[in-house]
Amino acid sequence: MFELNILLIFMIIGALIAIEVKDLLSAVVAVGASGLALCIVFLILKAPDLAITQIVVEILCLIILIRATIKKDLPFSTSGRWFFNTLATLVFLAIFAYLGYVALKELPSFGNPIMKVSQFYLNEALKETKATNIVSAIILNFRAYDTLGEATVLFTAVMGVMALMRWKGRKDIAEKDNE
Amino acid sequence: MNSDLKNKGMSLIVKTITRLTVGLILLYGIYIVLHGHISPGGGFAGGVIIALAFIHLMLAFGKDEVLKILPVTFVSLLESLGAVLFLSIAILGFLGGYFFMDWFAKGKPFKLFSAGSIIFSNIGIGLKVSLGLFGIFLVLILLKFKAKK
Amino acid sequence: MTPYFLCLLLFLIGVYAVVRKRNIIKIIIGLIIAEYAVNLFFILFGYKLEGRSPIYSPDQEIFNMVDPLPQALVLTSIVIGLATTALAVAIAIRIYEKYGTFDITKINKLKG
């Protein structure tokens, strides 16, 4: 899987540029490049559903982020305890990386999943649901409870944005009362 | 005329190209939603594509053209309708026995009308995702215009 | 095992941005990168060597499919991630309107 490693290194470079560059618009473009590389990785790993979803979600995410960053100033303050803060963060990340290394070593090696539960889905999906796309059969038939929960989360997030972005605020009502 | 055009969206080239392509994008989104059980795709991916078609229209022609077709209250109404459609499919399962039971006629594989309730669930999720994301984009844009006043 | 460790490195970059950066937009970008890494890890874990995608074909028999369960879990997670990102951006826009800055160290006038 040579090309997979190349694409992952490309994603890491894109993420590093995104968090270190000073211009906010450039940072948003860099994270977009990283997401498009993730789309190709999904395609290499044989997940076409995810590749389609990822590429369209990435475009919409870029539009929303550009809406937030366009024509804004760039406040950057490096004052304060810069050295101490960076050192503390790096020590925390080093501990996290060591624990992650220990945990990842115990996993089955790359390319040989266990697939105890999935074997049932692979055997039964076509017989039980007559749907030829097994991913669709799982999310809408076998595990539809999960999808109902996710739809609730999506509904709550949309309601939250609409409540945050209302333009008739409490201030207008208060002004009316004062009059 | 020029100043009038500038206020309402982008240049003439963008508008012409948009007029040609936006129908195809919308049709492709509907295709992805309806064929979710046969080919890659489904309600989530197709919903985002439909939302992108409306956003494309809005970026090119300005907000007034789109708000004539889809006002904000209508968008949130249709989004709730998608959620209710998905939930009602879940509750319809009680007719067969338990929650989310799929008692619809299954049909043969590789046909459009097969696989029971999956196609209806896909339509509900597609409605919900597309209009939910379009509603998010709409309120983010409308706030900017209201703040300027 | 190399892809797993590269994926862990990507997650660490996202966590570093969330913990260390002071700009709200940079924090949101860190959240997005960490979410990419988690989604990627699920799919890497379900990959089978020389596997086929889990979709049946009308004219040939397909054996050796990759694991479809992580794909089903991640498919919904991607769209939810977009909605939560939009929620974070909405909060950031409101903070910018109120305080005139994206810098979290300058937001200390918590008056409601």
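Trainee: Please explain the overall build of chain C as it appears in this structure.
Mentor: Secondary structure assignment for chain C yields three helices and zero strands. Going residue by residue from the N terminus, the α and β elements of chain C occur as α-α-α. Computed over its C-alpha atoms, the radius of gyration of chain C comes to 20 Å, more than 25% above the 13 Å expected for a compact globule of 112 residues. For chain C, the spread of C-alpha atoms along the three principal axes comes to 65 × 30 × 15 Å. The proportion of buried residues among the 112 residues of chain C is 60%. Once local pairs closer than 6 in sequence are excluded, the contacts in chain C between residues at least 24 apart make up 49%. Per element, the accessible surface of chain C, about 4500 Å² overall, is 63% carbon and sulfur. Between the centroid of the 11 positive side chains of chain C and the centroid of its 7 negative side chains there is a distance of 25 Å.

Trainee: For this particular structure, what's the right way to read the interface of chain C and chain A?
Mentor: When the parts come together, some accessible area is lost, and that loss is often what is quoted as the size of the interface. If you look at the interface, chain C gives 74 residues, while chain A gives 90 residues. For the pair chain C and chain A, the summed buried surface comes to about 7800 Å²; carbon and sulfur atoms form 77% of the total. When residues of chain C are sorted by the area they lose upon contact with chain A, Tyr36(C), Tyr47(C) and Tyr56(C) head the list and together hold 9% of the total. There are one salt bridge connecting chain C and chain A. The partner of Glu20(A) in a salt bridge is Lys21(C), with the nearest N and O atoms 3.5 Å apart. At the junction of chain C and chain A, the tally comes to 11 residue pairs in polar contact (both at pLDDT 80 or more). When residues of the side of chain C that touches chain A are traced back to their parent elements, those giving at least two are α1 (2-20), α2 (24-45) and α3 (68-99) of chain C. Broken down by element, the residue count for the side of chain C that touches chain A peaks at 23 residues, all from α3(C).

Trainee: Any chance you could explain the packing of aromatic side chains here in plain terms?
Mentor: Any aromatic ring pair is given by two values, namely how distant the centres are and how the planes are angled relative to each other. All names here are of chain A. Here the structure, examined in full by the defined rule, presents 12 aromatic pairs over all chains. With a centroid separation of 6.2 Å and an interplanar angle of 65°, the aromatic rings of Phe-120 and Phe-142 are classed as edge-to-face. With Phe-120 in helix α5 (residues 116-129) and Phe-142 in helix α6 (residues 134-142), this residue pair connects regions lying 22 residues apart in the sequence. Note on Phe-120: relative accessible area 46%, which makes it partly exposed.

Trainee: What exactly am I supposed to notice about α2(C) here?
Mentor: Compared with the 32 Å implied by 1.5 Å per residue over 22 residues, the 32 Å span of α2(C) between its first and last C-alpha is a close match. For α2(C), a buried count of 16 out of 22 residues is recorded, marking the element as mostly surrounded by other parts of the structure.

Calculation rules
- Residues numbered from 1 in each chain as written.
- Chains lettered and ligands numbered in written order.
- Predicted model: local features only at pLDDT ≥ 70, side-chain atom pairs only at ≥ 80, totals over all residues.
- Heavy atoms only, no water.
- Helix = DSSP H or I, 4+ residues; strand = E, 2+ residues; numbered from the N terminus.
- Rg over C-alpha atoms; globule rule 2.2 N^0.38 Å.
- Buried < 20%, exposed > 50% of the residue type's maximum accessible area, 1.4 Å probe, protein only.
- Contact = heavy atoms within 4.5 Å.
- Areas by Shrake-Rupley, 256 points an atom, 1.4 Å probe, with all protein chains shown as cover.
- Lys, Arg positive; Asp, Glu negative; His and termini not counted.
- Charge placed at Lys NZ, Arg CZ, Asp CG, Glu CD.
- Buried area = accessible area lost by both parts, 1.4 Å probe.
- Salt bridge = Lys/Arg side-chain N within 4 Å of Asp/Glu carboxyl O.
- Polar contact = N/O pair within 3.5 Å; in protein donor to acceptor, adjacent residues only side chain to side chain.
- Phe/Tyr/Trp six-rings, centres within 6.5 Å; stacked < 30°, edge-to-face > 60°.
- Expected span 1.5 Å × (residues − 1).

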